[in-house]
Amino acid sequence: MAEETSPEVGEPHPYEFHVSGPRNLSSPNWRDLFCSSWKDNNYRRTVIACFIQAVYLLELDRQEKKTEANGLAPKWWKPFKYKLAETLVDQRDGSIYGAVFEWDRSAAVADFIFMRPSGAPRAVLALRGTLLNRPTIRRDLEDDLRFLTWESLKGSIRFDGALKALKSIVDRFGSCNVCIAGHSLGAGFALQVGKALAKQGVFVECHLFNPPSVSLAMSLRSVGEKAGFVWKRIKSLLPSSNVEVQAESGENSTGKLTKKWVPHLYVNNSDYICCYYANPPVGTEIDGNTANALENSTKADISESVAAKLFVMSKGPQKFLEAHGLQQWWSDDMELQLAVHNSKLIDRQLRSLYTPPSRTPQHQVKPL
């Protein structure tokens, strides 16, 4: 989360790109036509995180009445040859909560990049998280409380605005050329907006940094899940018919889906807001061998098995504020591990996308 800081006169602002931005990250050049930097997952993650930081700074620039000429935000997207195409504004308080960045062909050609590098998205929709500043804190906290209570953001005006913006760029460029990303509360919006399109069969690349996983509804539900798991273990020891087994599996004659929506989640276990995503399903144990097997899996294997790609920070900030911050995701000394592919929370949130509706046979006895 970006926070407003007033630097002393003569000192660079702490959110200047050259001060707190990524190190050793070169701008695109003509070599990208032969070996695209966007095919490097670390480069891709870093640039997308910079776009989200730009959204934070767009709002701070607006509050300080800065323009594109003297604002902090533009330096966070221009080095990558992108341009600001649209800002998402909450009409209730005028705050900027998201932005659409598009490939800037004119800027690229000026540096002798005559084609968009392979893998570089045509457009990226980036969504910021909570800003603890007076002009926007009320609306931000309203959505924080909405998620905390209901584990859903669908009633928010910002959800509707983000979904409309995402549909617009998908219609223009195609789903394979579009990416959505968010940090903290923005990651919660990105997940639910991306899922809304996935339900319509439209799959867009999705990157979620420190997505919120804490909610009262989820905490209460986990108690029932543990009890349900114990009951299933007991029930498995009892005689049962093949019909019941088929009904519980949620499968029908159509078989499993051939294509899945696979969001990328970036989690720090020292961040209690998002660490719940790293919990495996009840009764499932994830060890080092499982993680290594996932890392060694081919793309074909992944497309058949995973619900999401979950990256856990294995070396990084331990204090909460830093562990929840966005800056860690472009740090030079960070270490990520592809940890699990089917956590309890991911499974619950994405289950409706993968499980076809089951049909209850007429001769099956329904429980009272």
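Since we're looking at a predicted model, the values are computed, not measured. (Residues numbered from 1 in each chain as written. Predicted model: local features only at pLDDT ≥ 70, side-chain atom pairs only at ≥ 80, totals over all residues. Heavy atoms only, no water.)

> Tell me about the overall build of the protein chain, and please be specific about residues and values.
Broken down by element type, the protein chain carries twelve helices and eight strands. Burial status across the protein chain gives 45% buried among its 368 residues. Looking at the protein chain alone, contacts between residues at least 24 apart form 76% of all its contacts between residues at least 6 apart. In the structure as shown, the protein chain presents an accessible area of about 19,400 Å², 54% of it carried by carbon and sulfur atoms. (Helix = DSSP H or I, 4+ residues; strand = E, 2+ residues; numbered from the N terminus. Buried < 20%, exposed > 50% of the residue type's maximum accessible area, 1.4 Å probe, protein only. Contact = heavy atoms within 4.5 Å. Areas by Shrake-Rupley, 256 points an atom, 1.4 Å probe, with all protein chains shown as cover.)

> Could you give an account of empty space enclosed by the protein, with specific residues and numbers?
According to the stated counting rule, one finds three cavities of 30 Å³ or more in the structure shown. Its volume calculated, the largest cavity comes out at about 50 Å³. Forming the boundary of the largest cavity are Y97, L127, R128, G129, D140, R158, L185 and F189. Its residues assigned to classes, the lining of the largest cavity shows four nonpolar, one polar and three charged. (1 Å grid on protein atoms, 1.4 Å probe; cavity = no way out; pocket = protein on both sides within 12 Å on 5 of 7 lines; lining within 4 Å. Points joined across faces, edges and corners; volume = space filled by probe spheres on them. Nonpolar A, V, L, I, M, F, W, Y, C, P; charged D, E, K, R; others polar.)

> Tell me about the packing of helix α4 (residues 134–150) against helix α6 (residues 185–198), residues and numbers included.
Packing of α4 against α6 brings their axes to within 10 Å, and their N-to-C directions diverge by 60°. With respect to α6, the axis of α4 lies oblique. Considering the relative orientation of α4 and α6, their crossing is left-handed. Along the contact surface, α4 presents D140, D143, D144 and F147, while α6 presents L185, F189 and Q192. Each residue belonging to the contact of α4 with α6 can be placed in one class, and the counts come to three nonpolar, one polar and three charged. (Axes fitted to C-alpha atoms, helices over the stretch in contact; angles between N-to-C directions. Parallel < 35°, antiparallel > 145°, perpendicular 65-115°, else oblique. Left-handed = near helix turned anticlockwise from the far one by under 90°.)

> Now, about the sheet that holds strand β2 (residues 95–103): what can you tell me, with residues and values included?
Whenever strands of a sheet pair, they do so through backbone hydrogen bonds, lying parallel or antiparallel. Read across the open sheet, the eight strands follow the order β1-β2-β3-β4-β5-β6-β7-β8; overall the sheet is mixed. The strands lining the two open edges of the sheet, one partner per strand, are β1 (82–90) and β8 (335–338). The mean angle between the axes of side-by-side strands here comes to 20°, regardless of whether they run parallel or antiparallel. Taken together, the five bridges between β2 and strand β3 (residues 123–127) define a ladder with antiparallel strand orientation. Within β3, the position partnered with G98 by the bridge is L127. Packing against the sheet, helix α2 (residues 41–63) makes contact with β1, β2, β3, β4 (178–183), β5 (205–209), β6 (264–267) and β8, and its axis sits at approximately 135° to β2. Sitting on the sheet, α6 touches β3, β4 and β5, and the angle it makes with β4 is about 145°. (Pairing = 2+ DSSP bridges.)

> I'd like a description of the pairing of β1, backed by residues and values.
Of the pairings in the sheet, the one linking β1 to β2 comprises eight bridges and is antiparallel in character. If you follow T87 over to β2, its bridge partner there is A99. Counted along the chain from β1 to the antiparallel partner β2, the turn is four residues long, and its residue G94 has a positive phi close to 75°.

> Summarise unusual backbone geometry; cite the residues concerned and give the values.
Positive phi, close to 60°, is recorded for S184, a residue that is not glycine. By the element assignment, S184 lies in the loop between β4 and α6. With phi around 50°, N210 is a residue other than glycine that occupies positive phi space. Secondary-structure assignment places N210 in the loop between β5 and α7 (216–236). Its relative accessible area of 0% is what places N210 among the buried residues.

> Describe the environment of L163, and please don't skip the residues or the numbers.
Here L163 shows up in helix α5 (residues 157–173). With a relative accessible area of 14%, L163 lands in the buried category. Along the backbone, L163 and A196 are 33 residues apart, and their C-alpha atoms lie at a distance of 8.1 Å.

> Give me the lowdown on the packing of aromatic side chains, citing residues and values where you can.
Inspection of every chain in the model, using the stated rule, returns 15 aromatic pairs. Between the aromatic rings of F17 and W76, the centroid separation amounts to 5.0 Å while the plane-to-plane angle is 85°, which identifies the pairing as edge-to-face. Note that F17 is positioned in helix α1 (residues 17–20) and W76 in the loop between α2 and β1, a separation of 59 residues in sequence. For the pair F17 and W76, a shared accessibility class is recorded, and that class is buried. (Phe/Tyr/Trp six-rings, centres within 6.5 Å; stacked < 30°, edge-to-face > 60°.)

> Mind laying out the confidence of the model for the protein chain, listing which residues take part and the relevant values?
The predicted model of the protein chain averages 79 in pLDDT, with 73% of residues at 70 or higher. pLDDT under 50 marks residues 219–227. Its contacts with residues more than four places away, or in other chains, come to five contacts. (pLDDT = per-residue confidence, 0-100.)

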